[in-house]
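Structural characterization, general
Spelled out, the chains give:
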Amino acid sequence: MITIGQLVNNGIKKLEEAGIDEPAANGELIAAFVLNKSRTYIRAFGQNIIHEKEEALFNKILGEKLRGRPLAHIIGEAEFLGRLFSISPTVLIPRPETEELIEQSLKHLSISQPQNILDLCTGSGCIAISLAFLFKTAKITSADISAEALKVALKNAQNLNVEQRINFVKTDLFEQIEGKFDFIISNPPYIPTDIIATLSPEVKCEPNLALDGGADGLRIIEKIVKEAPKYLSKNGLLALEIGHGQAQKVVEFFKSKEWLAPKTGKDIAGIERFIFAQKK
Ligand SMILES: C[S@@+](CC[C@H](N)C(=O)[O-])C[C@H]1O[C@@H](n2cnc3c(N)ncnc32)[C@H](O)[C@@H]1O
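Not measured: the values here are computed from a predicted model.

Focus: the overall build of the chain
Summing up its helical and strand segments, the chain has 13 helices and nine strands in all. Evaluated residue by residue, the chain yields a buried proportion of 38% over its 280 residues. Within the chain, residue pairs in contact and separated by at least 24 positions form 64% of the contacts whose partners lie at least 6 positions apart.

Right, dumping it as structure tokens:
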């Protein structure tokens, strides 16, 4: 017989030995999934005995994780701003930085309740759906070039009961987008093509379409900055997540008479990761 705490600690040790990132978080998350409880429960009730069936499931998931599969793909879900999102290998696994993108955006909006919002490059829909909860009267458009990603985003909106408020559009950036928005937000693909091969095996399990930002990583970001003014209302906000080291170049893209000077934002690691710009 083994306790939850012993099982989790054994798991953490194996994850550490295998060089897997964030071993403690992963060990706890696996136990939380297996027991259908929160991570707080796992920490608080570590002395409880775990049943054999649950121990076997924990070890099965741990084995897959040790073989380099992302946890979100193994268990089919990931948490974003306190809500659970279904995840498949056709969408990017939501990242904590993107939670920060949303949180920081709120400080840059010129109005407290934007009524028309566009989430460009929506993936799992984590941004659009989180905004549907923050802005209860807003109409939201969730756009992606991938039909598979849009299916996942729709499923997530249905699971969280906000599908009536979100319009899902399959489009290459703004091609099929109509109307004006108070707020356009995007976490686009921004990794330079050559860098993708050097990323961890787990990141390489994610769709290339969600990662590849062209030779310098800026192909899609540049297009968004160029096109966005046509789709923004006066004083409307464009909020973008960008890659490490890209801020200076991205700021240059905003040097046109349509934009007020953009502001950058740092993520929790101190990296300039966000750009916020208001249309004049
Ligand atoms: C980095 S992921 C972001 C997913 C999600 N918004 C998030 O933050 O977790 C980028 C997404 O952009 C989509 N995408 C790539 N190129 C696109 C394009 N030209 N037009 C629209 N969406 C595109 C991909 O399919 C992918 O879902």
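Section: the site of the ligand
Residues in close proximity to the ligand total 22 residues, the closest being C121, G123, I145, N187 and A210. When contributions to the shell around the ligand are tallied by element, the ones reaching two or more residues are α7 (126-134) and α11 (208-211).

With respect to the nonpolar core
Among the nonpolar cores identified, the biggest contains 69 residues, and I184 and I221 are the most heavily contacted of them. In terms of residue count, the dominant contributor to this core is α7 (six residues). Viewed by domain, this core spans two of them, domain 1 (4-67) and domain 2 (91-278), each represented by three or more residues. Each residue touching I184, except ones within four places of it in the same chain, is listed here: L118, L120, A228, Y231, L232 and L238.

About the thresholds
Residues numbered from 1 in each chain as written. Predicted model: local features only at pLDDT ≥ 70, side-chain atom pairs only at ≥ 80, totals over all residues. Helix = DSSP H or I, 4+ residues; strand = E, 2+ residues; numbered from the N terminus. Buried ≥ 20, exposed ≤ 12 C-beta atoms within 10 Å, placed from the backbone. Contact = placed C-beta atoms within 7 Å. Near = placed C-beta within 6 Å. Core = buried A, V, L, I, M, F, W, Y, C linked by C-beta atoms within 7 Å. Domains from an automatic or database assignment.

Geometry only, nothing functional implied.
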